[in-house]
Structures are given as structure tokens and as C-alpha cells.
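Here is how the chains run, residue by residue.
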Amino acid sequence: IKWVIFIHLLYLMISDMCLEKHELRGKVVWVTGASSGIGEELAYQLSKIGALLAISARREDELERVKKKCLRNNLGEKDILVLRLDLTDRSSHEAATNSVLKHFGKIDVLVNNGGRSQRSLFVDTNLDVYSAIMELNYLGTISLTKHVLNHMIQRKKGKIVTVSSVMGIMGAPLASGYCASKHALQGFFNSLRTELTDYPEISIINICPGPVQSKIIQNVFTENLAKNSGDQSHKMPTDRCVRLTLVSTANDLKEAWISDHPYLAVCYLWQYAPTWAWWLMNRMGKRRIQNFKSGVDADASYSRKKK
Ligand SMILES: NC(=O)c1ccc[n+]([C@@H]2O[C@H](COP(=O)([O-])OP(=O)(O)OC[C@H]3O[C@@H](n4cnc5c(N)ncnc54)[C@H](OP(=O)(O)O)[C@@H]3O)[C@@H](O)[C@H]2O)c1
């Protein structure tokens, strides 16, 4: 009996570890922001699992580079579609959705990943920047979602995964517009989920990463990057963030916080002990602004260095 229980537990452990492979193999997954960082790594891990891919971003040459690497992972030429897409060009989103549907016949998973961050104090920042961040991170994302959701509603199934951020849960200095856009996404998708109760097989999954290695800092709105060291050793490796994103997707988690400490600890405090969170955030925030003004990565000095 002991052996039967042991083997059963082992089986459960292994099947749980492989769940994302079973769930996502052969599925059509559309990833936005796939030309670098988290989206690029999503394309690699999904192609290894055997998902069929549509990859989008503005830079087609970068997408072709990503496609080439995906083709080494047993995907055939027709299993991966490169589709140029500007999230801010909302009038193009219906046609883009139709192109994916024409190619694959269905969309099982949409990963809303494309987006940009910000490094600037509100008092120094033009309102145009706030408008541009909302246009891209929020309106661009919900516009594409609208078209894909119509198709998922017809099929009565699908997954909409949105790469939000821990900044969608808490506030932080130098990123007020970015935080606002991620809070908007959280509010939007948490509300949308409540509108889809008649479609239990459509999942709305919000992924909230802390700092992750990517090109996000090079691509931020309004930072003098010449001063930035570019050291990312204090951030979570991209492959770990993506692996946990896929596990969360396979398990239909409504919300997943994917972060190292101290950001994860701050998230917990923010949720369960806000007075302490404010005490800590005021200290961390002060350091963040000092770092920014002296030209080092805003988060560098309070993160544990990883060798
Ligand atoms: N890295 C982090 O620390 C972190 C933490 C939490 C959340 N996130 C979120 O993760 C997502 C991916 O960011 P990342 O860290 O991987 O940064 P990244 O390396 O800069 O990648 C951003 C991606 O978004 C695409 N993009 C930017 N503007 C676009 C537009 N107008 N239309 C379509 N695509 C656009 C970029 O492609 P093109 O330039 O080719 O268009 C690129 O593929 C973002 O939503 C970000 O907010 C990142």
C-alpha cells in the first residue's frame, strides 16, 4: 500500500510539473511584444512545448530572428506566424485578429504582453507621456482583447493572459503613469472576468511580475539611459518568469505574483498589512529616487545580488 501511495504521489507531482506541456501543446497562442524580453522568451518556451505561435510586435526583423530560433524547437514553418502589430494602432487590430484566425483557424490563448514602462517623476513629466502610456499599455491591450474575445465567446473557450506587473497592485515612485496603466489593466480584467460567468471555459489570467531581466529599461519612456549601468543581475531571470507564467496559464490562475524579494514581500504587506507597506515603501521609494538621480538602476541597491 505504501508503494501504491508513493507511486501515486510521484505521478501527481510529475503530472503537475508537466501540466503546462499537456495544456498548451498544439494550442494556438498569440503573443504580443514577442520581439524582446518576456515575450521573446515566451515564444521559445511555448515552441519547445509544441504550441502553435503567432508572434507580434512592431519590429518585424526582430520577430523573424525570434521565429528562426523557434523553428529549431521542432516547429514547422506554418506553425509560427510573424504578424507585425502596433498596439497603439487600434484600427488595425480587427484585421490582425482575422489574419491569425485565417492562418490557424482559431486562437486558444492570447498573451497580452507588449508594453513599455516609465522612469520619471510626475512633476518633471509632460502629460503627453501619460497619454502615450495609457494608449499603449491599457487601451492597446483592451482593444486587441475585444477582437479576440469575440472569437473566444463564439467558441465558448479560451485564455486571455495579461502581463500586468506588481506595479498593478502597489504604487512606486518614478513610474506613476506606468503604475496607473497596470492598475487600469487589473481593474479592467478583474471586471471582465465577472462579465464572463456564462463562459466558464474562458479564463482571464493576470500575471504580475516584479523586476525581470529584459529590455524594459532601455525602452522606457523618459529616462536618461546614458547614465544607466545596464546591470540586471538583481532581477529575476527571464526564463524563470516565463516558466511560472506558463504554469499559471495552464492552471488558470486568476492572478499570479511572480517576483523575488523584497518586491514579493512588499506585495504581501501591501495586501495584508498596508501600514507596514507604506512605512517600507517610503524608505525604498526614497532610495529609488536617489538612485535614479545619481544614474544607477533605480532598484539596484535594495535587491539581493545574485552571482
Ligand atoms: N521586465 C520587467 O521588469 C517587467 C516587470 C513587470 C511587468 N513587465 C511587463 O512585461 C511586458 C513585457 O516587457 P519586457 O520586460 O519584456 O520589456 P521589453 O524587452 O522592452 O519588451 C517589450 C515588448 O513590447 C513591444 N512593444 C512596445 N511598444 C509596442 C507597440 N506600440 N506595439 C506593439 N508592441 C510593442 C516591444 O516590441 P517592439 O518594440 O518591436 O514593438 C517588445 O517586444 C510589459 O507589458 C511590461 O510592462 C515587465
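Quick notes on the rules
Residues numbered from 1 in each chain as written. Predicted model: local features only at pLDDT ≥ 70, side-chain atom pairs only at ≥ 80, totals over all residues. UniProt positions renumbered as here; feature names shortened; annotations may be inferred. Near = placed C-beta within 6 Å. Helix = DSSP H or I, 4+ residues; strand = E, 2+ residues; numbered from the N terminus. Pairing = 2+ DSSP bridges. Right-handed = clockwise from strand over helix to strand, strands pointing away. Core = buried A, V, L, I, M, F, W, Y, C linked by C-beta atoms within 7 Å. Buried ≥ 20, exposed ≤ 12 C-beta atoms within 10 Å, placed from the backbone. Contact = placed C-beta atoms within 7 Å. Axes fitted to C-alpha atoms, helices over the stretch in contact; angles between N-to-C directions. Expected span 1.5 Å × (residues − 1). Arc of directions from axis to C-beta. Parallel < 35°, antiparallel > 145°, perpendicular 65-115°, else oblique. Left-handed = near helix turned anticlockwise from the far one by under 90°. Nonpolar A, V, L, I, M, F, W, Y, C, P; charged D, E, K, R; others polar.

- In the nomenclature of an unreviewed UniProt entry, the protein corresponds to Dehydrogenase/reductase 7 from the organism Strix occidentalis caurina.
- The record in UniProt for the protein states the following under Sequence similarities (unreviewed entry): "Belongs to the short-chain dehydrogenases/reductases (SDR) family."

1. Observations concerning the site of the ligand
- What surrounds the ligand is a group of 31 residues, the closest being Gly33, Gly37, Arg58, Gly115 and Ser214.
- Top element by residues in the shell around the ligand is helix α3 (residues 37-49). It accounts for 3 residues.

2. A look at the pairing of strand β3 (residues 80-84)
- Alignment of strand β2 (residues 52-57) against β3, held across 5 bridges, turns out to be parallel. What sits directly across from Ser56, in β3, is Leu83.
- Following the backbone out of β2, through helix α4 (residues 60-71) and into the adjacent parallel β3, one traces a crossover that is right-handed.

3. Observations regarding the nonpolar core
- Counting residues in each nonpolar core, the largest one holds 64 residues, and the members touching the most others are Val29, Val31, Ala43, Leu53 and Ile55.
- The contact partners of Ile55, leaving out residues within four places of it in the chain, are Val31, Ala34, Ala43, Leu63, Val66, Lys67, Ile80 and Val82.

4. Observations regarding the sheet that holds strand β4 (residues 109-112)
- In spatial order, the strands read β3-β2-β1-β4-β5-β6-β7; together these 7 strands make up an open sheet with parallel pairing. Each of the sheet's edge strands pairs with one partner strand only, and the pair in question is β3 and β7 (255-258). Here the strands of the sheet are splayed against their neighbours by 15 degrees on average, with no regard to which way each runs.
- Direction of pairing for strand β1 (residues 28-32) relative to β2: parallel, over a ladder of 5 bridges. If you follow Val28 over to β2, its bridge partner there is Leu52.
- Strand contacts of helix α7 (residues 176-195): β5 (158-163) and β6 (202-209), with the helix running at about 160 degrees to β6, the strand carrying the most contacts.

5. Digging into helix α8 (residues 238-250)
- Between its first and last C-alpha atoms α8 spans 18 Å; for 13 residues at 1.5 Å apiece the expected length is 18 Å, and the two agree.
- The complete set of buried residues in α8 reads Thr238, Cys241, Val242, Thr245, Leu246, Ser248 and Thr249. Angularly, the buried residues of α8 cover 160 degrees about the axis, an arc narrow enough to put them on a single face.
- Once α8 ends, the next one or two residues include Asp252, with phi positive near 55 degrees.

6. Observations regarding helix α5 (residues 93-104)
- Given a rise of 1.5 Å per residue, 12 residues ought to cover 16 Å, and the 17 Å separating the end C-alpha atoms of α5 matches this to within 8%.
- Buried residues of α5: Ala96, Thr97 and Val100, and no others. Down the axis of α5, the sector holding all buried residues measures 100 degrees, keeping them to one side. Relative to its buried face, α5 has exposed residues pointing more than 90 degrees away, namely Ala95, Asn98 and Lys102.
- Contacts from the buried residues of α5 go to β1, β2, β3 and α6 (127-155).

7. Focus: the packing of α3 against α4
- For the pair α3 and α4, interaxial distance at closest approach is 9 Å and the crossing angle is 20 degrees. With respect to their mutual orientation, α3 and α4 come out roughly parallel. Crossing handedness for the pair α3 and α4: right-handed. Side by side, α3 and α4 meet where Glu40, Ala43, Tyr44 and Ser47 of the first sit next to Val66, Lys69 and Cys70 of the second.
- Here the contact of α3 with α4 is composed, by residue class, of 4 nonpolar, 1 polar and 2 charged.

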